[in-house]
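# Residue-level structural notes
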Amino acid sequence: GFVFLAIIQGLLAGDPATMLRRVATDVPVAVLGMVITVTGAAKLLELTDALSTAVLKTSDGQAVHFLTGFGASVTTATGGFAAVLVGLVAVIAALMLWVELMIRSVLVYLLVTVSPLGFAAMVWPSARPVLRKIVELLIAVIVSKLVVSIALAVGVAALSGAGTAGPAGSGVGVAAAD
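If you're wondering where the values come from, they're calculated on a predicted model, not measured in any experiment.

Each value, and the rule that gives it
Residues numbered from 1 in each chain as written. Predicted model: local features only at pLDDT ≥ 70, side-chain atom pairs only at ≥ 80, totals over all residues. Heavy atoms only, no water. Helix = DSSP H or I, 4+ residues; strand = E, 2+ residues; numbered from the N terminus. Buried < 20%, exposed > 50% of the residue type's maximum accessible area, 1.4 Å probe, protein only. Contact = heavy atoms within 4.5 Å. Areas by Shrake-Rupley, 256 points an atom, 1.4 Å probe, with all protein chains shown as cover. Core = buried A, V, L, I, M, F, W, Y, C linked by side-chain atoms within 4.5 Å. Axes fitted to C-alpha atoms, helices over the stretch in contact; angles between N-to-C directions. Parallel < 35°, antiparallel > 145°, perpendicular 65-115°, else oblique. Nonpolar A, V, L, I, M, F, W, Y, C, P; charged D, E, K, R; others polar. Left-handed = near helix turned anticlockwise from the far one by under 90°. Salt bridge = Lys/Arg side-chain N within 4 Å of Asp/Glu carboxyl O. Expected span 1.5 Å × (residues − 1). Bend = angle between axes of the 7 residues up to and from the residue.

### Focus: the overall build of the protein chain
Check the secondary structure of the protein chain and you find five helices and zero strands. Reading the protein chain from its N terminus to its C terminus gives the helix and strand order α-α-α-α-α. Looking at the protein chain as a whole, 24% of its 178 residues qualify as buried. Contacts in the protein chain between residues far apart in sequence, at least 24 positions, make up 75% of those at least 6 positions apart. Accessible area for the protein chain stands at about 11200 Å²; split by element, carbon and sulfur atoms hold 77% of it.

Set out below in structure tokens:
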């Protein structure tokens, strides 16, 4: 359908030879792009998963450090209410994160499924920007897992130093929380 629309646009513009040449080069590129998209998305997902795992690898010990220190100091002061409240907030945050990652997964599948339509649309000059938007959105959705992982790692690192009193002017922060 997009090939016929491209030819009609070329006829209306008065330059059918250029349009036929463009269609002859864009159709094979579109077919190649359709084949490469699935493989490229799978490789980018593997890379993002590996980087996310590497970023979050050291966060386990820091989270345990924060929770044990927080639980011990708050249980005596508030009778355990604050620990229960923090636990409830953590469960709700984990549920929301799970929902976000599930939506991300669905979006990746949806965008990979729609990408052949975008590649077909690139044959028609009026619809060429559709492919660019699909590819941009697909890359952004795939990389979003890494961004979430980095945010979690930074947050856990910051919290692992919370409640620890260092010497005055020691500058205990995210980097020193290791």
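So, next bit.
### Quick word on the environment of V143
Positionally, V143 belongs in helix α5 (residues 128-160). Residue class for V143 comes out partly exposed when judged on its relative accessible area of 30%. Sequence separation of V143 and L51 is 92 residues, and the distance between their C-alpha atoms is 10.0 Å.

### Structural notes on the nonpolar core
Ranked by size, the top nonpolar core spans eight residues in total: A6, M19, V23, A30, F119, M122, V123 and L131. No other element matches helix α2 (residues 16-56), which puts three residues into this core. Non-local contacts of A6, meaning those with residues more than four positions away in its chain, are made with M19, V23, V123, W124 and P125. Counting residues in each nonpolar core, the second largest holds seven residues, with V112, L138, V141 and I142 among its members.

### Brief notes about the side chain of S115
With respect to the helices, strands and loops of the structure, S115 is situated in helix α4 (residues 81-121). Ignoring sequence-local partners within four residues, the contact set of S115 consists of T37 and I134.

### Describing the packing of α2 against α5
Here α2 crosses α5 at 5°, and the two axes come no closer than 9 Å. The angle between α2 and α5 places the two elements in the roughly parallel class. Contact residues: α2 offers R22, D26, T37, A41, L44, L45, T48, D49, L51, S52, V55 and L56, while α5 offers R128, L138, I139, I142, V143, K145, L146, S149, I150, L152 and A153. Tallied by class, residues from the contact of α2 with α5 come to 14 nonpolar, four polar and five charged.

### Re the packing of helix α1 (residues 2-13) against α2
Working note: a packed helix pair is described by the angle between its axes plus the distance between those axes. At a closest axis distance of 8 Å, the pairing of α1 and α2 adopts a crossing angle of 155°. If you check the angle between α1 and α2, you find them roughly antiparallel. Two packed elements cross with a definite hand, and for α1 against α2 that hand is right-handed. Only P16, M19, L20, V23 and V27 of α2 make contact with α1, whose side of the interface consists of V3, A6, I7, G10 and L11. Per-class residue counts for the contact of α1 with α2 are nine nonpolar, one polar and no charged.

### Observations concerning the pattern of salt bridges
All told, the structure shown has three salt bridges when counted by the stated rule. Linking R132 and E136 is a salt bridge whose minimum nitrogen-to-oxygen distance equals 3.1 Å. Residue R132 and its partner E136 are both found in helix α5; the two are separated by four residues, about one turn of the helix. Overall, the relative accessible area of 58% leaves R132 in the exposed class. Ionic pairing is found between K133 and E136, a salt bridge with its closest N-O pair at 3.9 Å. Of the two residues, K133 and E136 are both situated in helix α5; the distance of three residues between them amounts to about one turn of the helix. We classify E136 as partly exposed; its relative accessible area is 36%.

### Quick look at α2
In this model, α2 (41 residues) spans 56 Å end to end at C-alpha, consistent with the 60 Å of a helix rising 1.5 Å per residue. A maximum bend of about 35° is found in α2 at I36. All of the buried residues in α2 are M19, V23, D26, A30, G33, T37, A41, T48 and S52.

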